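One letter stands for each residue in the lines below.
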Amino acid sequence: MKLFDNDSPLGILLGRFGDLILVNLLFIISCIPIITIGDALTSLYYTTLKMAKGTSSSAVHSFCSSFKSNFKQSTYVWLGILAVTALAVTNILILRQSHSGMAFSAIVFNIAVLILMAVITLYIFAVIAAFDNTVKNLMRNAIIFASAYLHITLLMLLAIGIPVLVTILIPQWFGVLITFWFFIGFSLLAYFNSSLLMKIFIKHLPGELE
């Protein structure tokens, strides 16, 4: 077996990195209209879940196929999350002008809503990618997964939060980190999360990712 053969460990690793770079660029392009971010996330997870499962398929074809088939459902969910998040943020900005006890309680409630939206966003697009169901059931399943597997939820939050914080808080690394995000950052994080999610999804998958 030659070092750079497709079937060699190095060849497989290089091929995987090449797929992640292509998918990362597709994801960024798909996010440009903003309204399609939800579908872009679903397609990204659909592709990386297949990678994590070891299903042999063209990464570009998987991404494009998912983008077309999951557009309506993913966009509906994304716009819903965006609307609820915008409303909660607006409420907090208005309520912080008041110092009453009721206003404080309302602020705490809206912060709880934002946390819930963050957790749902962490799972929902991967759930849409893996399972075929109604939006109501998919949202319910995302919440169940998030609460039942808190250790995985925490690992995913750390995997996403640490690079984002480093990008924001260490300006001298900004150029390098922006390059990282542009070429492979999003797909690499999705692949890491997919490796975690596949451990719990595999127990419930009826075969959508075959």
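Residue numbers run consecutively from 1 along every chain, following the written order of its sequence. pLDDT decides what is reported in this predicted model: residues at 70 or higher carry local features, side-chain atom pairs at 80 or more are listed and counted, and totals for whole chains, interfaces and linings draw on all residues regardless. Only heavy atoms go into the side-chain values, all of them from the structure, while hydrogens and water stay out.

(A) Structural detail: the packing of helix α2 (residues 37-53) against helix α3 (residues 59-69). Helix axes use the C-alpha atoms of the stretch in contact, all axes being lines fitted to C-alpha atoms, and the angles between their N-to-C directions lie in the range 0 to 180 degrees. We count a stretch as a helix when DSSP gives it H or I for four or more residues in a row; a strand needs E for two or more, and each element gets its number in order from the N terminus. With their axes 8 Å apart at the nearest point, α2 and α3 run at an angle of 140° to one another. Between α2 and α3, the crossing angle belongs to the class labelled oblique. Crossing handedness for the pair α2 and α3: right-handed. Every residue of α3 that contacts α2 at D39, A40, T42, S43, L44, Y46, T47, K50 and M51 is listed here: A59, S62, F63, S66 and F67. Throughout, the ten residues Ala, Val, Leu, Ile, Met, Phe, Trp, Tyr, Cys and Pro are labelled nonpolar, Asp, Glu, Lys and Arg are labelled charged, and all others, Gly among them, are labelled polar. For the contact of α2 with α3, the residue count by class is seven nonpolar, five polar and two charged. Should an angle lie under 35 degrees it is considered roughly parallel, over 145 roughly antiparallel, and from 65 to 115 roughly perpendicular; all remaining angles are considered oblique. The handedness criterion is simple: a crossing whose near helix is rotated anticlockwise from the far helix by less than a right angle is left-handed, and one whose near helix is rotated clockwise is right-handed. What makes two residues a contact is simply this: any of their non-hydrogen atoms within 4.5 Å.

(B) Examining helix α6 (residues 135-148) more closely. What a helix should span is 1.5 Å times the count of its residues minus one. For α6, spanning 14 residues, the distance from its first C-alpha to its last is 20 Å, which sits close to the expected 20 Å at 1.5 Å a residue. Using a 1.4 Å probe on the protein chains alone, a residue whose accessible area is under 20% of its type maximum counts as buried, one over 50% counts as exposed, and one in between counts as partly exposed. The set of residues buried in α6 consists of L138, N141, A142, F145 and A146. One side of α6 carries all its buried residues, which in axial view fall inside an arc of 130°. Counted as exposed and oriented over 90 degrees from the buried face of α6: K136 and A148. Against α4 (71-95), α5 (101-130), α7 (150-169) and α8 (174-201) lie the buried residues of α6. The arc in question is the one traced by the directions running from the helix axis out to the C-beta atoms.

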